[in-house]
Amino acid sequence: MVWHLVLMKPKANLSAGDRQALLDAFNRAVRDIATVRETRVGRRVTHGAAYESAAPDSADIFVSIGFDDLAGLQAYLQHPAHGELAARFYQSLNSALIYDFELMGADDGLWASSSGL
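Residues numbered from 1 in each chain as written. Predicted model: local features only at pLDDT ≥ 70, side-chain atom pairs only at ≥ 80, totals over all residues. Heavy atoms only, no water.

S.K.: Explain helix α3 (residues 70–78) residue by residue, including any values.
M.R.: Of all the positions in α3, only Gly-72, Leu-73 and Tyr-76 are classed as buried. Angular distribution of buried residues about the axis of α3 spans 100°; they occupy a single face of the element. Summarising the contacts, the buried residues of α3 are in contact with β1 (2–10), α1 (16–32), β2 (36–43), β3 (61–67), α4 (80–92) and β4 (93–102). (Buried < 20%, exposed > 50% of the residue type's maximum accessible area, 1.4 Å probe, protein only. Helix = DSSP H or I, 4+ residues; strand = E, 2+ residues; numbered from the N terminus. Arc of directions from axis to C-beta. Contact = heavy atoms within 4.5 Å.)

S.K.: Mind laying out the side chain of His-82, listing which residues take part and the relevant values?
M.R.: Positionally, His-82 belongs in helix α4. Those residues in contact with His-82 that sit more than four places away from it in its chain are Ile-33, Tyr-76 and Leu-77.

S.K.: I'd like a description of the packing of aromatic side chains, backed by residues and values.
M.R.: Per the stated rule, a full pass over the model turns up 3 aromatic pairs. Considering the side-chain rings of Phe-67 and Tyr-76, the 5.2 Å spacing of their centres and the 50° angle between planes classify their relative orientation as tilted. In terms of burial, Phe-67 and Tyr-76 fall into one category: buried. Seen from their ring centres, Tyr-99 and Phe-101 are 6.3 Å apart, and the 45° between their planes marks the pair as tilted. Residue Phe-101 is classed as partly exposed on the basis of its relative accessible area of 43%. (Phe/Tyr/Trp six-rings, centres within 6.5 Å; stacked < 30°, edge-to-face > 60°.)

What follows is the structure in structure tokens.
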């Protein structure tokens with residue numbers, strides 16, 4: 001399975017209407033693009049761990065979108081509903097980190113990856 005991971009920080013002065021428009025575009029994209037298999041969304045949690053003070057303040061929201069394979073992700077990225085989402089995304093955020101990962105089972109582990117870890 002391939003996962004599209006997004007860490008983002010919305011603009012502090014983003015209006016309620018613009019926040020809703022971003023959410024509506026996201027919901028349309030994940031509903032209307034047939035290759036989307038699973039989505040997860042979350043807010044950052046801080047709890048006093050030592051690593052928190054070293055982390056940049058660049059993300060408050062986490063989004064993951066799962067696809068069967070790389071072709072599914074690529075179809076998602078090329079879909080017109082994603083185009084609308086991307087336009088809203090870039091005008092609504094202070095920062096974002098976007099990564100794509102191929103996930104494997106825990107028994108496969110890091111050593112089985114093609115990156116040679």
